[in-house]
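Residues per chain, in single letters:
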Amino acid sequence: KLNRDGSVVETDWVSGLNAPKGLRRCDNALWVADLGEVVSIDIATGAATRHVAIPGSGMLNDVACGADGTVYVSDTVASRIYQISNGQATVFAEGEHLEYPNGLLVEGDRLIVGGWGKPEADFSTKIPGRLYALDLKTKQMTLITPNPFGNIDGLESDGRGGYLVSDFMAGRVLRMSGADGTVIGQFMTGTADIGLIAESGTLLVPHMNENRVAAYDVSAALK
């Protein structure tokens, strides 16, 4: 729960999940990437209404929703993206060229993707990931940032044609405008899947290694 002053208060809303990561609202449901499955939760009641198993997945991570109700979920370890339609999961795209995808965002007829880069045993990378787009129909890949720049975790639109991304290993949040990025928040390692309340310019940042979630006013940085 987010208070009017921007503080976050923990409340018991949903239980029974195993290791939830990416979250995305799609109409009246919150879709959650969990261990080996994606769960749909009724926002009004907090009840899990659908469990879509994805056998053979490595590490389901972020979630995005298309205008037609299709749900996309990244599998970072397998360098794969699944799509869920009519309660069935199929592979949307896969391969190392996806740069071990993490953050996802549907934008019109494109899926915006934040690559982590090929992870070592400790999830560090020799070459980090880039930001790119996949055409939802042709799956053609278009680079947004030509050069690798971070272990991208969270991904949101800044509402002005750019993106906000979190770099987990570097502990920072950046605003990306085209190929250029500006750091708008520097923290410890562990900045995970971010959220943005556009109306107030409030950025929600899970600090995974510190076991806390914080809210920041970034409205000035978004002007």
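Since this is a predicted model, take the numbers as computed values, not measurements.

It is worth spelling out the overall build of the protein at this point. Check the secondary structure of the protein and you find zero helices and 19 strands. Computed over C-alpha atoms, the radius of gyration of the protein comes to 16 Å, within 12% of the 17 Å expected from 2.2 N^0.38 for 223 residues, which places it in the range of a compact globule. Across its three principal directions, the C-alpha atoms of the protein cover 40 × 40 × 35 Å. The long-range share in the protein, meaning contacts at least 24 apart out of those at least 6 apart in sequence, stands at 36%. Taken as a whole, the protein presents about 11,100 Å² of accessible surface, with 49% of it coming from carbon and sulfur. Across the protein, 18 positive and 27 negative side-chain charges occur, with their mean positions spaced 3 Å apart.

All right, on to the sheet that holds strand β2 (residues 29-34) then. Reading across from one edge, β1-β2-β3-β4 is the order of the four strands in this open sheet, with antiparallel pairing throughout. Among the strands making up the open sheet, the edge pair consists of β1 (23-26) and β4 (48-53). The average undirected angle you get between the axes of adjacent strands in this sheet is 20 degrees. Of the pairings in the sheet, the one linking strand β3 (residues 37-42) to β4 comprises five bridges and is antiparallel in character. Within β4, the position partnered with I41 by the bridge is A48.

Within the largest apolar cluster, 14 residues are counted, with the highest numbers of intra-cluster contacts made by W31, V38, I54, L60 and V73. When residues of this core are traced back to their parent elements, those giving at least two are β2, β5 (60-65), β6 (71-75) and β7 (80-85). For V73, the residues in contact, after removing those within four places along its chain, are A33, V38, I54, L60, N61, D62, V63, R80, I81, Y82 and L104.

This next bit is on the side chain of R80. Residue placement: R80 occurs in strand β7. Exposure remark for R80: the relative accessible area of 18% places this residue in the buried category. Within the structure, the side chain of R80 is placed 3.0 Å from the side chain of E94, a separation counted as a polar contact. The residues contacting R80, other than those within four sequence positions of it, are G56, V73, S74, D75, V91, A93, E94, L98 and P101.

Think of a sheet as strands paired side by side through backbone hydrogen bonds, with each pair either parallel or antiparallel. As summarised here, the arrangement of the four strands in space is β5-β6-β7-β8, forming an open sheet in which the pairing is antiparallel. Taken across any chain shown, the strands that pair with only one partner, and hence form the sheet edges, are β5 and β8 (88-94). On average, each strand axis in the sheet is inclined to that of its neighbour by 25 degrees, with strand direction left out of account. The sheet contact formed by β7 and β8 spans six bridges and is antiparallel.

Moving on: the pattern of salt bridges. This model, assessed by the stated rule, comprises nine salt bridges. E94 is paired through a salt bridge with R80; the nearest N and O atoms lie 3.0 Å apart. Of this pair, E94 sits in strand β8 while R80 sits in strand β7, and the two are 14 residues apart along the sequence. A residue is classified by how much of its surface remains accessible, and E94, at 44% relative accessible area, is partly exposed. Overlapping salt bridges bring together D75, R80 and E94 as one network.

Moving on to the environment of G36. Here G36 is to be found in the loop between β2 and β3. What makes G36 partly exposed here is its relative accessible area of 33%. Note: C-alpha distance between G36 and V52 (16 residues apart in sequence) is 8.7 Å.

Right, let's get into the side chain of T191. Summarising the element assignment, T191 is placed in the loop between β16 (180-186) and β17 (195-197). A distance of 3.0 Å separates a polar side-chain atom of T191 from the backbone oxygen of D167. A distance of 3.5 Å separates the side chain of T191 from the backbone nitrogen of R172, its partner in a polar contact. Beyond its immediate stretch of four places on either side in the chain, T191 contacts D153, S166, D167, F168, G171, R172, V205, P206 and H207.

Parameters and conventions
Residues numbered from 1 in each chain as written. Predicted model: local features only at pLDDT ≥ 70, side-chain atom pairs only at ≥ 80, totals over all residues. Heavy atoms only, no water. Helix = DSSP H or I, 4+ residues; strand = E, 2+ residues; numbered from the N terminus. Rg over C-alpha atoms; globule rule 2.2 N^0.38 Å. Contact = heavy atoms within 4.5 Å. Areas by Shrake-Rupley, 256 points an atom, 1.4 Å probe, with all protein chains shown as cover. Lys, Arg positive; Asp, Glu negative; His and termini not counted. Charge placed at Lys NZ, Arg CZ, Asp CG, Glu CD. Pairing = 2+ DSSP bridges. Axes fitted to C-alpha atoms, helices over the stretch in contact; angles between N-to-C directions. Core = buried A, V, L, I, M, F, W, Y, C linked by side-chain atoms within 4.5 Å. Buried < 20%, exposed > 50% of the residue type's maximum accessible area, 1.4 Å probe, protein only. Polar contact = N/O pair within 3.5 Å; in protein donor to acceptor, adjacent residues only side chain to side chain. Salt bridge = Lys/Arg side-chain N within 4 Å of Asp/Glu carboxyl O.

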